[in-house]
Amino acid sequence: MNARQTAPGGLALIEALVNTLLDITTGEDALDRTEVRERFGIAAGGVDEARALRESLRAACLAHAGHPPHRAVTPLSELLAPVPLRVAVDERDGAASLVPVDGGALAGRVAAAIAEARGDGTWARLKACEAADCHWAYYDRSPAGRGRWCDMAVCGARAKMRRYRAK
């Protein structure tokens, strides 16, 4: 877990979904809990699809940080290809956005969030911690966009200590 501020806009949904894998080494998964699935709008029969989506998102977040995927995953573009989106235009100010046609399916909300974040330049700042025993998603707010760990006090400190001891 990290102490960072939540990602902005729709990226908060993606960050929260990626971080439902509570412990990458033991496989402890919050999606095993009914209340967590309900929070994301995941039906009982959709857990495997949600997990596949989560791990593809994690791979994208790792790529944003310059790291290879943590394991073989279905490409995110393949998972999101069948998701229907439409353009919604606000009649008050003319602002346009992509919204899921079905309204609330998780993949649709994720696709719309990615499109929004890509448009406003924030998508590449959603990264995954480089610590192999972590890979939690975090929003990189550093000025240069070169953050490496979800939490400097935990994962960053461990990495720096390992480097120091290796000298």
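Details of the structure are given in the entry above.
In this text the structure is predicted, and so the values were computed from the model without any measurement. (Residues numbered from 1 in each chain as written. Predicted model: local features only at pLDDT ≥ 70, side-chain atom pairs only at ≥ 80, totals over all residues. Heavy atoms only, no water.)

Colleague: Teacher, can you tell me more about the overall build of the protein here?
Modeller: When you go through the protein residue by residue, the secondary structure sums to six helices and six strands. Listed by position from the N terminus, the elements making up the protein come as α-β-β-α-α-α-β-β-α-β-β-α. Looking at the protein residue by residue over its 167 residues, the buried ones come to 38%. Sequence separation of at least 24 residues holds for 48% of the intrachain contacts in the protein that already meet a minimum separation of 6. About 9300 Å² of surface is accessible on the protein, with carbon and sulfur atoms providing 53% of the total. (Helix = DSSP H or I, 4+ residues; strand = E, 2+ residues; numbered from the N terminus. Buried < 20%, exposed > 50% of the residue type's maximum accessible area, 1.4 Å probe, protein only. Contact = heavy atoms within 4.5 Å. Areas by Shrake-Rupley, 256 points an atom, 1.4 Å probe, with all protein chains shown as cover.)

Colleague: Which parts of the structure should I look at to understand helix α3 (residues 47–64)?
Modeller: Spacing of three or four residues puts side chains on the same side of an α-helix, whose turn is 3.6 residues. Helix length check: α3, at 18 residues, gives a terminal C-alpha distance of 25 Å against a target of 26 Å (1.5 Å per residue), a fit within 8%. Considered for burial, the residues of α3 that qualify are Val47, Ala50, Leu53, Arg54, Glu55, Ser56, Leu57, Arg58, Ala59, Ala60, Cys61 and Leu62. At the exit of α3 stands glycine 66, carrying a positive phi of roughly 85 degrees. (Expected span 1.5 Å × (residues − 1).)

Colleague: Explanation requested: the pairing of strand β4 (residues 96–100) in the structure shown.
Modeller: Note on strand geometry: in a regular strand, side chains alternate between the two faces of the sheet. Alignment of strand β3 (residues 85–89) against β4, held across five bridges, turns out to be antiparallel. The partner of leucine 85 across the bridge, within β4, is proline 100. Connecting β3 to the next strand, β4, in antiparallel fashion are six residues, including glycine 94 with a positive phi near 80 degrees. (Pairing = 2+ DSSP bridges.)

Colleague: What is the right way to look at the packing of α3 against helix α5 (residues 106–120) in this model?
Modeller: A packed helix pair is summarised by two numbers, namely the angle formed by the two axes and the spacing between the axes. Between α3 and α5, whose axes approach to 11 Å, the crossing angle comes to 20 degrees. Here α3 is positioned roughly parallel relative to α5, judged by the angle of their axes. Crossing angle aside, the handedness with which α3 passes α5 is left-handed. On the side of α3, the interface is formed by Ala50, Leu53 and Leu57, while α5 contributes Leu106, Ala107, Val110 and Ile114. Classifying every residue of the contact of α3 with α5 by side-chain character gives seven nonpolar, no polar and no charged. (Axes fitted to C-alpha atoms, helices over the stretch in contact; angles between N-to-C directions. Parallel < 35°, antiparallel > 145°, perpendicular 65-115°, else oblique. Left-handed = near helix turned anticlockwise from the far one by under 90°. Nonpolar A, V, L, I, M, F, W, Y, C, P; charged D, E, K, R; others polar.)

Colleague: Whenever I open this one, the environment of proline 75 confuses me. Can you help?
Modeller: Structurally, proline 75 is set in the loop between α3 and α4 (76–80). C-alpha separation for the pair proline 75 and glutamate 55, spaced 20 residues apart in sequence, amounts to 9.6 Å.

Colleague: Which parts of the structure should I look at to understand the nonpolar core?
Modeller: Across soluble globular proteins, you tend to see nonpolar side chains buried next to one another. Core analysis: the biggest nonpolar cluster contains 32 residues, and Ile14, Leu57, Leu106, Val110 and Trp123 have the highest contact counts within it. If sequence neighbours within four positions are ignored, tryptophan 123 has contacts with Leu11, Ile14, Leu57, Ala60, His64, Leu76, Ile114, Ala117 and Arg118. With seven residues, the next largest nonpolar core counts Cys129, Cys134, Tyr138 and Cys150 among its residues. (Core = buried A, V, L, I, M, F, W, Y, C linked by side-chain atoms within 4.5 Å.)

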